[in-house]
Amino acid sequence: MSPVQLALLVLLLPLASAALIALFLRRQGTLASFVSVGACTALAVAALMLSFGESRFTAGMEWLKLDALTISLGFKFDDLAALMLAIVAVVGLCVHVFSLGYMHDDGARSRYFAGLSIFMFSMIGIVLADNLFMMFIFWELVGFSSYLLINHYLHRQAPADASKKAFIVNRVGDLGFLLGILWCYWSLGTVSLDGIAKAAQGGMAIRAGIPLLLFCGAVGKSAQMPLHVWLPDAMEGPTPVSALIHAATMVAAGIYMLCRIEPLFAAAPAVALNTVMWVGTITAVYAALCAITQSDIKKVLAYSTLSQLGYMVAAFGLGSLREQQEAAGVTISVMLSAGVGAAMFHLMTHACFKALLFLGSGSVIAGCHHEQDIFKMGGLAGRMKLTFAAFTIGVAAIIGFPMLSGFFSKDAILYLAFEKNRAVFVILGATAVLTALYMVRMWRLVFLGKPRSHEAEHAHESGVSMVLPLIVLAVLSVVAGQWALDLKSFEAVFLHVPEAHGSAHVTVFAVSLAVMIVGALLAWVIYKPATQDSLAMKTPGLFGGLALLKAAPDDTYNYYVTKVQQRFAMLLNGLEQIFLAGVVIRGLAGFVGLIGMGARALHVGSIHAYVYWFLLGVVLVWGFAAGIF
């Protein structure tokens with residue numbers, strides 16, 4: 001089988017699984033789950049064969065031609081696509097296997113696993129796409145499958161509202177993305193990723209509006225401010241969905257798309273990258289502040305995801321970096337696409353430890369009989385030993401514990417910020433303190449102390465299908481950092497990861513270690529295992545301010561929708577009823593009706609009257625023919 005055929009198999013396997021379940025297995029949940037997991041296993045094997053193989057290729061075919069506009073469907077499989085495909089395949093398989101246990105008693109398993117398969121198909125389509133039109137098609141399919149999965153518990157109002165919110169907010173970003181694609185085609189004459197790179201690197205002038213409009217798609221999909229509000233609410237979906245879509249893959253699609261179009265940003269005015277950098281930085285610190293006030297274990301992880309995505313976006317916005325490298329005993333100056341390297345490196349490590357944390361939270365929720373309040377947990381370390389060990393590794397990785405995966409990728413971003421923008425470096429360093437604070441807070445409240453509820457007291461370890469993915473992801477969270485840098489398979493990506501040397505290395509390492517220790521110690525001192533939030537009890541003013549900060553965007557949007565948008569819509573509806581439906585439609589209909597009534601009155605049934613009308617008609621025709629009228 002050729003590499004192109006193998007890539008096509010990877011793409012179509014989950015689609016075939018979803019179709020089979022939807023058509024024939026809607027009432028056979030057990031069989032549907034095994035079909036979906038089997039397809040994902042085959043997909044993962046084929047994807048890893050492709051990713052770690054030596055084949056890198058492009059292939060395509062013309063799909064639609066409208067005059068000069070040609071839309072093609074094709075694959076661009078380089079090291080960047082190979083890395084993303086491996087991430088999607090491994091995390092996707094872990095989530096599928098975990099779901100076998102977590103969704104065991106769910107009455108709608110068939111719909112759930114069909115949704116997972118549709119999502120895998122959509123996400124792989126984004127990864128393999130060789131042009132922006134094809135990427136946009138699968139981009140929208142990802143939004144559709146996310147809507148389905150968030151709304152899995154459709155009989156409850158909260159998931160229904162959350163799914164609609166996610167769908168609508170993403171459409172706002174996608175409008176900008178679509179406009180950017182159209183402007184790109186109008187300006188450059190192509191939306192092919194290779195064509196865009198050639199045009200940008202060939203010296204063609206790029207307006208800042210093109211990459212910024214394309215960035216709108218990433219703002220929506222990767223939940224950056226101000227379109228971040230959908231992600232915390234999306235935790236209403238099943239926990240494995242949160243791990244797959246809202247931690248490791250879908251929300252990472254925006255980062256991947258930015259890395260795909262990096263030549264556009266490099267060729268555009270500096271305002272484009274600076275905008276991206278500050279959006280990411282602000283999102284990172286804002287989400288970290290919001291996470292401190294959360295009591296729902298999944299909401300803490302949701303805001304943590306927002307913050308880490310902000311890190312990635314900020315890293316991309318920091319741009320390229322010139323480094324001195326030695327080759328054959330000669331020191332040369334090399335320009336690295338450091339923003340791409342650092343962002344993708346952190347995307348990979350984050351996928352491992354955040355999927356681990358979400359699945360670990362799912363194990364905790366299942367063990368505690370679906371209790372999600374961290375203040376009603378406690379004492380789980382002795383009752384759920386494997387989950388505790390795996391979760392601890394995930395927490396250590398995300399706060400940057402030395403030699404774990406998060407340590408390497410976060411240090412790369414901090415070093416890049418240190419070299420390019422000291423203000424961003426300070427803000428991201430402060431964010432790292434907050435990360436250690438809210439993660440250690442959650443870890444201590446969930447696992448240490450005594451049980452604080454009946455559910456926690458009777459907690460139990462999860463089954464094999466739920467524990468096995470935790471072990472796999474825990475191992476990856478430990479080794480993925482240094483191991484990835486030594487890999488040759490994704491060399492074109494990881495060669496651009498910035499590495500500190502000399503005094504810069506000492507500074508960044510010291511700051512990284514200090515912020516982790518400070519954040520962890522603050523959490524240990526402030527938070528005691530209790531049924532109430534210690535910060536709210538000790539400093540209610542600070543806690544209230546943070547809660548207000550968290551609620552402000554939603555309150556602003558709600559005010560805009562109810563007080564501005566809805567009233568404007570009512571005004572338009574009134575004008576439509578008066579002028580369009582009233583004056584234009586009913587007025588014209590009335591006028592035509594009057595003409596009809598007059599015409600009917602002429603039909604009197606008398607031949608003498610008809611002779612007069614005939615003669616009048618002859619006169620009029622004669623007048624027109626003679627030019628009198």
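Residues numbered from 1 in each chain as written. Predicted model: local features only at pLDDT ≥ 70, side-chain atom pairs only at ≥ 80, totals over all residues. Heavy atoms only, no water.

Draft legend 1. Representation of the overall build of the chain in the model. If you tally the helices and strands in the chain, you get 25 helices and 4 strands. Counting only C-alpha atoms, the chain reaches 110 × 65 × 55 Å along its principal axes. Counting over 629 residues, the chain shows a buried share of 53%. In the chain, once contacts between residues fewer than 6 apart in sequence are set aside, the share between residues at least 24 apart is 80%. Put simply, the chain shows about 26,500 Å² of open surface, and 69% of that area lies on carbon and sulfur atoms. Between the mean site of the 37 positive side-chain charges and the mean site of the 32 negative ones, the chain shows a separation of 7 Å. (Helix = DSSP H or I, 4+ residues; strand = E, 2+ residues; numbered from the N terminus. Buried < 20%, exposed > 50% of the residue type's maximum accessible area, 1.4 Å probe, protein only. Contact = heavy atoms within 4.5 Å. Areas by Shrake-Rupley, 256 points an atom, 1.4 Å probe, with all protein chains shown as cover. Lys, Arg positive; Asp, Glu negative; His and termini not counted. Charge placed at Lys NZ, Arg CZ, Asp CG, Glu CD.)

Draft legend 2. The domain arrangement of the chain, seen in detail. By the assigned domains, the chain splits into domain 1 (289–538), domain 2 (543–578) and domain 3 (582–628). With centres defined by C-alpha atoms, the gap from domain 1 to domain 2 works out at 35 Å. On the domain 2 side, the residues contacting the 9 residues of domain 1 number 5 residues. When the buried surface of domain 1 facing domain 2 is broken down by residue, L289, C290 and T293 rank first, second and third, together holding 55% of it. (Domains from an automatic or database assignment. Buried area = accessible area lost by both parts, 1.4 Å probe.)

Draft legend 3. Main features of a nonpolar patch on the surface. Judged by side-chain polarity, F568, L571, L572, L575, I578, F579, L580, V583, V584, I585 and L588 come together as a nonpolar surface patch covering roughly 1,000 Å² of accessible area. Following the sequence through the fold, L580 ends up in helix α24 (residues 540–601). Judged by its relative accessible area of 43%, L580 falls in the partly exposed class. (Patch = residues over 30% accessible without salt bridge, like charges linked within 9 Å, V, L, I, M, F, W, Y side chains within 5 Å. Salt bridge = Lys/Arg side-chain N within 4 Å of Asp/Glu carboxyl O.)

Draft legend 4. Examining the pattern of salt bridges more closely. Going through the model one piece at a time under the given rule, you end up with 11 salt bridges. A salt bridge links K76 to D194; its shortest N-O distance comes to 2.7 Å. Residue K76 is found in strand β2 (residues 69–77), and its partner D194 is found in helix α7 (residues 193–201); the two are separated by 118 residues along the sequence. The class for K76 is buried, based on a relative accessible area of 14%. With a relative accessible area of 32%, D194 lands in the partly exposed category.

Draft legend 5. The packing of helix α11 (residues 250–260) against helix α14 (residues 297–318), seen in detail. Axis separation between α11 and α14 bottoms out at 10 Å; the angle between their running directions is 0°. It follows that α11 is roughly parallel to α14 by the angle criterion. Together, V251, I255, L258 and C259 of α11 and T305, L309, M312, V313 and F316 of α14 make up the contact between the two elements. Looking at side-chain class alone, the contact of α11 with α14 contains 8 nonpolar, 1 polar and no charged residues. (Axes fitted to C-alpha atoms, helices over the stretch in contact; angles between N-to-C directions. Parallel < 35°, antiparallel > 145°, perpendicular 65-115°, else oblique. Nonpolar A, V, L, I, M, F, W, Y, C, P; charged D, E, K, R; others polar.)

Draft legend 6. Seen up close, the packing of aromatic side chains. The final tally for this structure, using the stated rule, is 18 aromatic pairs. Ring centres of F265 and F316 lie 5.2 Å apart, and the angle between their planes is 90°; this geometry places the pair in the edge-to-face category. Of this pair, F265 sits in helix α12 (residues 262–267) while F316 is found in helix α14, placing the two residues 51 residues apart along the sequence. An identical accessibility class is assigned to F265 and F316; each is buried. Between the aromatic rings of F490 and F494, the centroid separation amounts to 6.3 Å while the plane-to-plane angle is 80°, which identifies the pairing as edge-to-face. Each of the two residues, F490 as well as F494, counts as buried. Within the aromatic cluster, the residues linked to one another by ring pairs are F52, F345, W483, F490 and F494. Here the basic side chain of R171 rests over the ring of F167, its NZ or CZ set 4.4 Å away from the ring centre. (Phe/Tyr/Trp six-rings, centres within 6.5 Å; stacked < 30°, edge-to-face > 60°. Lys NZ or Arg CZ within 6 Å of the ring centre and 35° of its normal.)

Draft legend 7. Structural context of α7. Of all the positions in α7, only L193, I196, A197, A199 and A200 are classed as buried. Within α7, the buried residues cover an arc of 165° as seen down the axis, which keeps them to one side. The inward-facing, buried residues of α7 contact β2, α5 (132–150), α6 (157–188), α11 and α12. G203 lies just past α7 and shows a positive phi near 95°. (Arc of directions from axis to C-beta.)

Draft legend 8. Molecular detail of the side chain of S242. Summarising the element assignment, S242 is placed in helix α10 (residues 239–248). Residue S242 is classed as buried on the basis of its relative accessible area of 0%. Once residues within four sequence positions are removed from consideration, S242 is found in contact with A234, M235, G237, A247, K298 and F358.

Draft legend 9. The arrangement of α11 in detail. Of all 11 residues making up α11, 11 are buried, and the element is well covered by its neighbours. Considered for burial, the residues of α11 that qualify are M250, V251, A252, A253, G254, I255, Y256, M257, L258, C259 and R260.

Draft legend 10. Broad picture of the nonpolar core. Counting 210 residues, the largest nonpolar core has L132, M344 and L380 as its most contacted members. With 18 residues, the top contributor of residues to this core is helix α15 (residues 338–367). Excluding residues that lie within four positions of it along the chain, M344 makes contacts with L80, L83, M84, Y256, C259 and V493. (Core = buried A, V, L, I, M, F, W, Y, C linked by side-chain atoms within 4.5 Å.)

Draft legend 11. Representation of the environment of A601 within the structure. Relative to the helices and strands, A601 resides in helix α24. For the pair A601 and F401, spaced 200 residues apart in sequence, the C-alpha to C-alpha distance is 94 Å.

Draft legend 12. The state of the cysteines, seen in detail. Per the stated rule, a full pass over the model turns up 0 disulfides. There is no disulfide at C184, and the cysteine sulfur nearest it, in C216, is 14 Å away. (Disulfide = S-S within 2.5 Å.)

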